[in-house]
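Observations on chain architecture
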Amino acid sequence: MAAGFGRRVAMRAVAGGSLLTLRFALPASAQADTASGGALNAFLRIDADGITTIQVPHLEMGQGVATSLPMLVAEELDAEWQKVRFALAPAGEAFKRPGGKRQMTGAALSITERFLPMRQAGAAARDMLLRAAAARWGVAPAECSTEPGAVLHPASGRRLPYGDLAAEAGRLTPPADPPLKNSADFRLIGRSMRSLDAAIKVNGSAIYGMDLRLPGMLCAAVKRSPAHGGRAVPPPGPLPPGVHAILPIPNGIAVVADRHWTAKRALAAIDIAWEGGAVFDDAGLERTLRAGLDRPGVEMRQDGDASAHEGATVTADFYAPLLHHACMEVPNCTARIADGHCEVWIGTQEQTYARTLAAEVAGLPEDRVTIHTMLAGGGFGRRYERDEIVQAVTLAKALGRPVQVLWSREEDFGQGYYRPAAATRLSAKLDAQGYPVALLARTCTASLLQRAFPQFFHNGKDGTSTYGLKEIAYAIPNLRVEFVLAEAPRPVGFMRAVSYQNNVAAVELFIDGLARRAGRDPVAYRRHLLRDQPRLLAVLDRVVAMSGWGGAVPEGRARGVAVHECDGAHVAQVAEVSRGPQGIVVHRVWAAVDCGRIIHPDHARAQMEGAIIFGLSNALREVITVRGGAVVETNFDAYPLLRLADAPAIEVALIDSGEHPVGLGEAGVPGVGAAVATALVSLTGVVPVRMPLA
């Protein structure tokens, strides 16, 4: 796949003033970081003063792509890093994923898919600058070279900064397949360079979606039926002071005022009657999913004999509840419709569908819709959803003025797109040495694809629901994975690590139990089953060495281990836990990861550390409960996230295998809950059967 990226990169030069501007048939997503704030229609721009602006092809939501992707371009361009800036591009055909797919951010694909195309963008620009300098000097391009930010002619000692050459280079035709550096010559890739967005986030000048202010903008507070699908019946009466309108939105109402606080207070004062909506509770949902495990599912993976698992001798079930994304920045969207054009400002992970939806609601062709992708205060999959776009565009169309929709925290919790609850069952036959010779892995859950991307849901199969099961790497000759489709009484959505977390926990607890049943050390047992998986063995051996596995453990504590693959990253983790007056205490977590070539070591470690904290919070504390169709948890007081005081010491080892790089946005999440769970078995002798573990 990676080798084919180079031949997909179609480039054309756009001359203009004193700029070198390249536009690529590559993806890019986000909002321009320029003084004017306007959207760029190119991927790489060099100004007369040598400032190099690089379009970032994905939403920046804290994962570091605003730095790591420009690094790839700057490496091949031989840019001066202090003069590199990032820009976030609008939705558009040129910005879609390689191969002409939709423009989106997720599944840790940013680095995976962009590693070669972004480097080629830089290499093409460097080639054009070299040819422009050679033409000015009347020499052959082969006689020229570059240093950061300039072209050199070593024979004569002449030097021209990139800014001086930008206009001439912009008139040249870019090369079709520019040569790339050897990895031994990298000067940026593999180093922890200054983050391009750090300063604006530290000094508070970064503009997120909810920070946007437009001339004449109105502010809207929204509320929808607590029971999904219900309808609001607002009482008649005059508008409260400062309120411009009270308008219907799908399943609810919106109050529009000059200021957000005015709209929010007026909405809270309205006595809204609700009709209809789905009525259910989470206890009934759990019973339904557990009962679904007794039904055969559709085949998602089959190795060896499909019937070899019949008459299994060991069986275990595991349950994971609904979870909320709980982003620090609540859902928001600003829309403006004027002069037959619709503009939308939103931190979205899905620009393509956002544009299509905005066009549909506005009643305009897509080429009359602009999506300005804003910085996002957390995403985790939540920003695939588009309800706030419908609301903002609907209100802007009705009122003829820009409208910013800003959800309350309570609305965010009550109207989330939760990670689906899931029940998973593992059944195995063992050989005389206690190793599995046959395994059936079956999960019963709602389909994410069926709701969000029905065009990818075929024959009752949903691969996103069996992540962590389809990827089982243990040497089991007869392995079958099944998916049992369940109805979703409330909308469910993609969440960081999707189904990896609950499925990896189920698998690792099961493998750990088999090791104990066989009387073997859990690490040694796994090493035997991973004998044909050198990258997983390498991370397992590294984390064993880091943690001192097998050595003395402080009194009252125990350690657990987990190893898995996630989005192409190979991860092993060890957790050290105890039980205190307040419940489970996680003291330390060691993690080793092989994600191929490391682009930015500090960012890679930060991603792993953040994912571990996220996964621990999920595994130990978080749960969404539903009563009568309404969500019980309406704010952080009832949905406690892991706090700093409860976070463990974390040590991360990065193994640069030199393989094609993959992203780390999700890889640290699944294993940490599994490692804590297996540690609890050692500590208490009781095998957890559900999350949250506490």
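This section reports on the structure supplied with the text.

What counts, and at which threshold
- Residues numbered from 1 in each chain as written.
- Predicted model: local features only at pLDDT ≥ 70, side-chain atom pairs only at ≥ 80, totals over all residues.
- Heavy atoms only, no water.
- Pairing = 2+ DSSP bridges.
- Helix = DSSP H or I, 4+ residues; strand = E, 2+ residues; numbered from the N terminus.
- Axes fitted to C-alpha atoms, helices over the stretch in contact; angles between N-to-C directions.
- Contact = heavy atoms within 4.5 Å.
- Core = buried A, V, L, I, M, F, W, Y, C linked by side-chain atoms within 4.5 Å.
- Buried < 20%, exposed > 50% of the residue type's maximum accessible area, 1.4 Å probe, protein only.
- Phe/Tyr/Trp six-rings, centres within 6.5 Å; stacked < 30°, edge-to-face > 60°.
- Lys NZ or Arg CZ within 6 Å of the ring centre and 35° of its normal.
- Disulfide = S-S within 2.5 Å.
- 1 Å grid on protein atoms, 1.4 Å probe; cavity = no way out; pocket = protein on both sides within 12 Å on 5 of 7 lines; lining within 4 Å.
- Points joined across faces, edges and corners; volume = space filled by probe spheres on them.
- Parallel < 35°, antiparallel > 145°, perpendicular 65-115°, else oblique.
- Left-handed = near helix turned anticlockwise from the far one by under 90°.
- Nonpolar A, V, L, I, M, F, W, Y, C, P; charged D, E, K, R; others polar.

To continue, consider the sheet that holds strand S20 (residues 422-430). Note: strands within a sheet are paired through backbone hydrogen bonds, in either parallel or antiparallel orientation. The five strands are arranged S14-S22-S21-S20-S15 in an open sheet whose pairing can be described as mixed. The open sheet has two free edges, formed respectively by strand S14 (298-303) and strand S15 (314-320), since each of these has just one partner strand. Each neighbouring strand pair of the sheet contributes to a mean axis angle of 10 degrees, computed without reference to strand direction. Judged from the seven bridges that link them, S15 and S20 form a sheet pairing that is antiparallel. Following the sheet pairing, Phe-318 is matched in S20 by Thr-424. Seen against the sheet, helix H7 (residues 282-292) touches S15, S20, strand S21 (436-446) and strand S22 (478-486) and runs at an angle of roughly 150 degrees to S15.

Time to look at the nonpolar core. Counting 106 residues, the largest nonpolar core has Tyr-474, Val-593, Val-676 and Leu-693 as its most contacted members. Not counting residues up to four positions away in its chain, the partners in contact with Tyr-474 are Val-507, Glu-508, Ile-511, Arg-526, Leu-529, Leu-530 and Val-563. In this structure, Ala-79, Ala-125, Leu-130 and Val-139 belong to the second largest nonpolar core, which totals 47 residues.

Our next topic: the packing of aromatic side chains. Counted according to the given criterion, the structure contains 10 aromatic pairs. Here the aromatic residues Tyr-353, Tyr-384, Phe-453, Phe-456 and Phe-494 are joined through ring pairs into a cluster of three or more. For the cation-ring pair, Arg-496 lies above Phe-614, with the distance from its terminal atom to the ring centre recorded as 5.1 Å.

Here we come to the state of the cysteines. Going through the model one piece at a time under the given rule, you end up with zero disulfides. Lacking any disulfide linkage, Cys-342 is separated from the closest cysteine sulfur, that of Cys-333, by 8.5 Å. By relative accessible area, Cys-342 is classed as buried at 0%. Of the cysteine sulfurs around Cys-566, a residue in no disulfide, the closest is that of Cys-595, at 12 Å. Given a relative accessible area of 0%, Cys-566 falls into the buried group.

This part covers the layout of surface pockets. The computed volume of the second largest pocket comes to approximately 340 Å³. Forming the boundary of the second largest pocket are 18 residues, of which Ala-221, Lys-264, Leu-267, Ser-408 and Glu-410 lie nearest the centre. Only strand S9 (218-224), helix H6 (260-269) and helix H10 (409-414) provide two or more residues apiece to the lining of the second largest pocket.

Across the interface, helix H15 (residues 601-620) lies against helix H16 (residues 668-684) with an axial gap of 7 Å and an inter-helix angle of 50 degrees. When the axes of H15 and H16 are compared, the pair comes out oblique. The interaxial crossing formed by H15 with H16 has right-handed handedness. In this structure, H15 contributes Met-608, Ala-611, Ile-612, Phe-614, Gly-615, Leu-616, Asn-618, Ala-619 and Leu-620 to the contact, and H16 contributes Gly-668, Val-669, Val-672, Gly-673 and Val-676. Here the contact of H15 with H16 is built from residues that sort into 10 nonpolar, four polar and no charged.

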